[in-house]
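Structural features, examined
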Amino acid sequence: MKSYFNLLDEPWIPCLDQNNQQVLFSLQDTLVKAETIRTVSATLPTTTAALHLLLLAYTLSIFPLENDEEWEGLYALGKFPEAAIRSYNETWRERFFLFDNNHPFFQDPKFGQREKDHRWLANGEKPKAKGVSSLLIHLSSGDNATLFDHSLDQEQKIYELNDIAQYLVMLQAYSLGGMTAASIGNDKYCKDAAFSRGILFLNRGENLFESLMLNLIVKEKNFYDQGKEDRPCWEMEDALALERGNPNGLRDLLTWQSRRILLIPFEQDERICVQQCFIAPGLGLVESFKNPFYRNVYKNQKGKINIQPMRFQVGRAIWRDSAAILESSNRSKNTDADQPITKSFFESLISLEMIQKTTFRSNLFGMCTQPGQKKVYFYKHENFDAPAIYLENQSLLEKLKQGLSWAEDGRSALFSATYQMASYKIDPTQDSEGGSQPNRESVMPLYDHISSEPLYWSQLETHFYQFMNQLPDSDEALSAWQEAIKKAARASLANSAELVGDDPAGLKARAKAEITLEYKLKQIFNPK
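1. Digging into the overall build of the chain
When you go through the chain residue by residue, the secondary structure sums to 17 helices and 16 strands. Here the C-alpha radius of gyration of the chain, 27 Å, is about what a compact globule of 528 residues would show, namely 24 Å. Expressed along its principal axes, the backbone C-alpha trace of the chain runs to roughly 85 × 60 × 50 Å. Looking at the 528 residues of the chain, the share that counts as buried comes to 53%. In the chain, of all internal contacts separated by at least 6 residues, the share reaching a separation of at least 24 is 69%. On the chain, roughly 24,100 Å² of surface is accessible, and the fraction owed to carbon and sulfur atoms is 47%. Of the side-chain charges in the chain, 58 are positive and 69 negative, and the distance between the mean point of each set is 5 Å.

If you want it as structure tokens, here you go:
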């Protein structure tokens, strides 16, 4: 096959320019023009995230900085030196073709020819081609199904090369583990890709150059250094030659080949497209692997230490975990959690005064999934911004923690009041002589029907960010935040009360609930 579609030269990476207009750039131009690009922005959050990971691996390979002094010198330029980029590209140009007999980018050219393939393929059987859309089925399922093309479920879609290149990069970083429609025999069980289950934390700058620089970990600050030769997959002669479960370093991790894929091109209307591919399990990570780009918590469960990364959760906004996100990396060393390597690097840049930033700005990427299953509830890209002083001032962070604790206590108060409302609606005579409360099994269905907890949290979100931004300047922010919690709890209970009706049982239930809520709120804010 003739080598075709070199990713260094062809436009395929979706970016936003300084006018917020989307433009496709080649891999080379994305880096050469990084200071003029606001950000990378694909249709799917997971694709955007995967492209950031690829760009970071590419940048780390061209500029393998040893120490703070080298980082500071490159940062001061305000742009990536074009000569260094072009020199690197000339060395590795042949490894960036999407279609190539020897080294197709992010693919396995030996698909069906490896020793393990021969073991699975019986009696001269050939690998079976699979529709690329079948790999993306999980993108058209779950709560956000309307965001995606439902034709994926009915027919094999045809993909343009710039689109298939994006999906290829995304699949290697964000595929979920489990049984798959593999191309070779019974070789169908895949493990989770390296970035599929947790929240990816990447520092965000004013433009793409600064964003990449703020994540360009220097060797002396790289706590993930494995002491091995760390290279991206395209610099390896055969990234899939050895069965291994631990990346050799950051560049290996950022380009980890979790799936063996080989695209099958065909011509349509005088252009090359892709509809099918070969696929099989790639490199599976060991169970003890911990992603350094995650915030990892260690939990002892029956004598076994389990690593639990911070995840997006249904019904839980990320601001509720702000204190955990802002916890100092130095302080985290004395706790049961690791902060993301990117956040640790940002803290070091601040403490050494190598950058002048008053705001900690982070891109959070991920999927909300059913643990252990190939089920996606939603995809998320969230900007998290907070005053950088929280990273250095522990006493200020403790005040923020207290504010978040009040919000959780307010939710508990709302639950108690709403539960009591449901209980009295079911049996308004339970406080009479000889009466008794209905059992939980009979109350919870009505509670679930009338609960306004989502309203409570949504009303608090804007107030929380005001509280977090104003707290460094004045303790008056604490009082304003208390009032916001009370107001949100009362409004949420009133909303629930509308659903129990205005008959005698409903009115009594509402009165009981209001008394309970006010008592609980007083306990939170005026305990004496």
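2. Observations concerning the layout of surface pockets
Looking at the largest pocket, its volume works out to about 810 Å³. Together, 29 residues line the largest pocket, and Asp192, Arg197, Glu287, Ile307 and Arg311 are the ones closest to its centre. When residues of the lining of the largest pocket are traced back to their parent elements, those giving at least two are β8 (189–190) and β13 (304–309). Counted by class, the lining of the largest pocket contains twelve nonpolar, ten polar and seven charged residues.

3. What about the sheet that holds strand β2 (residues 13–17)?
Strand order across the open sheet formed by three strands is β3-β2-β4, with antiparallel pairing between neighbours. Two strands in the sheet have a free side with no partner beyond their single neighbour: β3 (22–25) and β4 (37–40). For this sheet, the mean inter-axis angle between neighbouring strands, taken without regard to orientation, is 40°. Bridging between β2 and β4 involves three bridges; their strand directions are antiparallel. In the strand pairing of β4, Asp17 is matched with Ile37.

4. Quick word on the environment of Thr180
Here Thr180 is to be found in the loop between β7 (178–179) and β8. By relative accessible area, Thr180 is classed as buried at 18%. Here the alpha-carbon distance between Thr180 and Cys190, two residues ten residues apart in the chain, equals 7.0 Å. Ignoring any residue separated from it by four or fewer positions in sequence, one finds Thr180 in contact with Lys188, Cys190 and Lys374.

5. Topic: the packing of helix α13 (residues 394–426) against helix α16 (residues 476–497)
At a closest axis distance of 10 Å, the pairing of α13 and α16 adopts a crossing angle of 20°. Considering their axes alone, α13 and α16 lie roughly parallel with respect to each other. Considering how the two elements wind past one another, α13 and α16 form a crossing that is right-handed. Taking contact as the criterion, the partners of Lys399, Gly403, Leu404, Trp406, Ala407, Gly410, Leu414, Ala417, Thr418 and Met421 in α13 are, on α16, Leu478, Trp481, Gln482, Ile485, Ala489, Ser492, Leu493, Ser496 and Ala497. Here the residues of the contact of α13 with α16 sort into twelve nonpolar, six polar and one charged.

6. With respect to a negative patch on the surface
A cluster of acidic residues, Glu66, Glu69, Glu70, Glu72 and Glu220, forms a negative patch on the protein surface. Along the chain, Glu220 falls in the loop between α8 (208–214) and α9 (250–254).

7. Structural notes on empty space enclosed by the protein
Considering all chains together, one arrives at five cavities of 30 Å³ or more under this definition. Roughly 70 Å³ of internal volume is contained in the largest cavity. As for the largest cavity, its lining consists of 13 residues, and the residues nearest its centre are Phe106, Val169, Ala173, Leu254 and Thr255. Residue assignment for the lining of the largest cavity shows that the elements contributing at least two residues are α2 (45–62), α7 (161–174) and α9. Here the lining of the largest cavity is composed, by residue class, of eleven nonpolar, two polar and no charged. In this structure, the second largest cavity encloses a volume near 60 Å³. Along its surface, the second largest cavity is lined by His52, Leu56, Leu202, Asn203, Ser211, Leu212, Asn215 and Asn363.

8. Notes on the pairing of strand β15 (residues 359–369)
Counting buried positions along β15 yields nine of eleven residues, so the element is predominantly enclosed. In the sheet, β15 pairs with strand β16 (residues 376–387) via eleven bridges, with the strands oriented antiparallel. Counterpart to Cys368 in the pairing with β16 is Phe378. Where β15 hands over to β16, the hairpin turn is made up of six residues, of which Gly372 adopts a positive phi near 75°.

9. Considerations on the pattern of salt bridges
Counted according to the given criterion, the structure contains 37 salt bridges. Notably, a salt bridge pairs Arg114 with Asp238, separated by 2.9 Å at the nearest N-O pair. Taken as a pair, Arg114 in the loop between β5 (97–99) and α5 (115–120) and Asp238 in the loop between α8 and α9 lie far apart in primary sequence, 124 residues in all. A salt bridge links Glu210 to Lys357, with the shortest nitrogen-to-oxygen separation between them at 2.9 Å. With Glu210 in helix α8 and Lys357 in the loop between α12 (341–351) and β15, the pair connects residues that are 147 residues apart, well separated along the chain. The class of Glu210 is buried, set by a relative accessible area of 8%. Exposure remark for Lys357: the relative accessible area of 22% places this residue in the partly exposed category.

10. Focus on helix α15 (residues 453–470)
Here α15 contains 18 residues, and its C-alpha end-to-end distance of 26 Å stays within 8% of the 26 Å for a straight helix at 1.5 Å per residue. The sharpest bend along α15 measures roughly 35° and falls at Glu461. Within α15, the full set of buried residues consists of Tyr456, Trp457, Leu460, Phe464, Phe467 and Met468. Of the surrounding elements, those touching the buried residues of α15 are α10 (322–326), β16, α13 and α16.

Each value, and the rule that gives it
- Residues numbered from 1 in each chain as written.
- Predicted model: local features only at pLDDT ≥ 70, side-chain atom pairs only at ≥ 80, totals over all residues.
- Heavy atoms only, no water.
- Helix = DSSP H or I, 4+ residues; strand = E, 2+ residues; numbered from the N terminus.
- Rg over C-alpha atoms; globule rule 2.2 N^0.38 Å.
- Buried < 20%, exposed > 50% of the residue type's maximum accessible area, 1.4 Å probe, protein only.
- Contact = heavy atoms within 4.5 Å.
- Areas by Shrake-Rupley, 256 points an atom, 1.4 Å probe, with all protein chains shown as cover.
- Lys, Arg positive; Asp, Glu negative; His and termini not counted.
- Charge placed at Lys NZ, Arg CZ, Asp CG, Glu CD.
- 1 Å grid on protein atoms, 1.4 Å probe; cavity = no way out; pocket = protein on both sides within 12 Å on 5 of 7 lines; lining within 4 Å.
- Points joined across faces, edges and corners; volume = space filled by probe spheres on them.
- Nonpolar A, V, L, I, M, F, W, Y, C, P; charged D, E, K, R; others polar.
- Pairing = 2+ DSSP bridges.
- Axes fitted to C-alpha atoms, helices over the stretch in contact; angles between N-to-C directions.
- Parallel < 35°, antiparallel > 145°, perpendicular 65-115°, else oblique.
- Left-handed = near helix turned anticlockwise from the far one by under 90°.
- Patch = residues over 30% accessible without salt bridge, like charges linked within 9 Å, V, L, I, M, F, W, Y side chains within 5 Å.
- Salt bridge = Lys/Arg side-chain N within 4 Å of Asp/Glu carboxyl O.
- Expected span 1.5 Å × (residues − 1).
- Bend = angle between axes of the 7 residues up to and from the residue.

None of this, on its own, says anything about what the molecule does.
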